Amino acid sequence: MADSASAIAEEEKHEPLHILDRKAGHLAKLISQSKHMIVFTGAGISTSAGIPDFRGPEGAWTSRKQGSERTSQTTSTLQAIPTASHMVLVALQNAGLLKYLVSQNCDGLHRKSGILPDEISELHGNSNRESCRDCGKEYIPDFRAVARYEKTVHDHRTGRKCVMPGCKEHAETADLCLVLGSSLTVTPANEIPEIVGRRKKSGAKLVICNLQSTPIGGLASLRVFARTDELMVRVMEKLGADIPIFVLRRRLVVEVKADMASEKHSVGVYGLDMDDTPASFLKSVRLEYNRRCITREPFLINFRGGLEEDLGMKLRLELEFMGHYGEPNLEIVHDLTGAKGKDEDMVRGVYLLEYNPQNGEWETTLQS
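These figures come from a predicted structure and were not determined experimentally. (Residues numbered from 1 in each chain as written. Predicted model: local features only at pLDDT ≥ 70, side-chain atom pairs only at ≥ 80, totals over all residues. Heavy atoms only, no water.)

Draft legend 1. Inspection of the overall build of the protein at higher detail. From N to C terminus, the protein includes eight helices and 18 strands. By the burial criterion, 49% of the 368 residues in the protein qualify as buried. For the protein, the proportion of contacts with a sequence separation of at least 24, taken over those separated by at least 6, is 63%. Total accessible area on the protein is roughly 18400 Å²; 48% of this is exposed by carbon and sulfur atoms. (Helix = DSSP H or I, 4+ residues; strand = E, 2+ residues; numbered from the N terminus. Buried < 20%, exposed > 50% of the residue type's maximum accessible area, 1.4 Å probe, protein only. Contact = heavy atoms within 4.5 Å. Areas by Shrake-Rupley, 256 points an atom, 1.4 Å probe, with all protein chains shown as cover.)

What follows is the structure, encoded as structure tokens:
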């Protein structure tokens, strides 16, 4: 990876706008006609979010080869907002046009944008996931999951391995593969689009969009030299489709063990990802009528009192988040009407929390 980079970055090419517009129309037609489209993404899809690429003029590997530090401003992957291209892929997924996504990126923006966990292979891992070496259990902390040992430039371990074996199967089935923001120089990852490109005689199409040359550019049916957002925004215009705005989605579980007889109760609060992987995005939890504020996991609060007489069968919880997107605190009102027996009852609720960074507001939905 780092060894394949040059100290002098290849000059970036940009299509004239009229040619870019024509190629966007061509790609839109290919997408609308496709029966099994896959997308392969690299670092270039995230540069407009403030995350640097590797082989560009300010790329990580380019700077390392030069022995210099990057001078351009960058954004933490925890604070980065998915780009227009990320959100286009979500729209294509939701419309049934995108069948599978293969990503070389470690920044986690695809999953954060709304790509479903069963529809993506993260070949190089996800820096916002970690796993237990003993049991393999995965967790999603709202901080970077970095190794505790000293890493080398060649060490790409991030705490997560790709568990989807279907990348090549999708490539062998795909009639269209769209590459966005990748130099396609890293093996064996670049074999995925290459499989599609070598099936050109059978009608499969390989489309490559980035700013530099690639070793398999000759296999492409359509070659676009542009930033990914420049192309994909135009493609959606040609398709007559809207690009969804980014909304940060969190799943919250509230579990109350209520003992009506002894009036001794407990409430546990924790996060889950869309695939039920434990997610840590809370900084603190406070229960109204209780002076305690829990500031570390597990968020478990023991309390006493008559649920009906003292609390009106409702628990009010104040949630404080990590705040990478400036999320304000949120109050959850958890209904306890299911706890009416004399023995210990469990009242569980799963909430979908949706935060819009543009207006700074939360929306809460009880899912179950």
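Draft legend 2. A look at unusual backbone geometry. In this structure, the amide linkage connecting Thr187 to the following residue, Pro188, adopts the cis form with an omega of 0°. With respect to the helices and strands, the residue Pro188 is situated in the loop between strand S6 (176-180) and helix H6 (191-197). The omega torsion of the bond from Glu297 to Pro298 falls at 0°, within 30 degrees of zero and hence cis. Tracing the backbone through its elements, the reader meets Pro298 in the loop between strand S13 (293-294) and strand S14 (299-304). The residue Leu184 is not glycine, and still its phi comes out positive at about 60°. Tracing the backbone shows Leu184 in the loop between S6 and H6. The backbone of Glu263 shows a phi angle near 60°, a positive value even though the residue is not glycine. Mapped onto the secondary structure, Glu263 falls in the loop between strand S9 (248-259) and strand S10 (264-272).

Draft legend 3. Highlighting the packing of helix H1 (residues 17-33) against helix H7 (residues 228-239). It is the contact of H1 with H7, at a shortest axis distance of 8 Å, that shows an interaxial angle of 60°. One way to sum up the angle between H1 and H7 is to call them oblique. Note that H1 runs across H7; the crossing there is right-handed. Between H1, through Leu17, Leu20, Asp21, Ala24, Gly25, Leu27, Ala28, Ile31 and Ser32, and H7, the contact on the second element is made entirely by Glu230, Leu231, Met232, Arg234, Val235, Lys238 and Leu239. A class-by-class count of the residues in the contact of H1 with H7 yields 10 nonpolar, two polar and four charged. (Axes fitted to C-alpha atoms, helices over the stretch in contact; angles between N-to-C directions. Parallel < 35°, antiparallel > 145°, perpendicular 65-115°, else oblique. Left-handed = near helix turned anticlockwise from the far one by under 90°. Nonpolar A, V, L, I, M, F, W, Y, C, P; charged D, E, K, R; others polar.)

Draft legend 4. Structural detail: the sheet that holds strand S3 (residues 120-122). Spatially, six strands are ordered S3-S2-S1-S6-S7-S8 in an open sheet, and the strand pairing comes out parallel. A strand with exactly one partner marks an edge of an open sheet, and here the two such strands are S3 and strand S8 (222-225). Adjacent strand axes in the sheet meet at a mean angle of 10°, parallel and antiparallel pairs treated alike. Here strand S2 (residues 98-103) pairs with S3 via three bridges, running parallel. Its bridge partner being in S3, Ser103 is matched across the sheet by Glu122. The sheet strands contacting H1 are strand S1 (37-41), S6, strand S7 (205-210) and S8, and the helix crosses S8 at an angle near 135°. Together, S6, S7 and S8 form the strand contacts of H7, whose direction differs from that of S6 by roughly 140°. (Pairing = 2+ DSSP bridges.)

Draft legend 5. Molecular detail of the environment of Leu27. Examined against the element boundaries, Leu27 turns out to sit in helix H1. If sequence neighbours within four positions are ignored, Leu27 has contacts with Leu178, Val207, Leu222, Leu231, Met232 and Val235.

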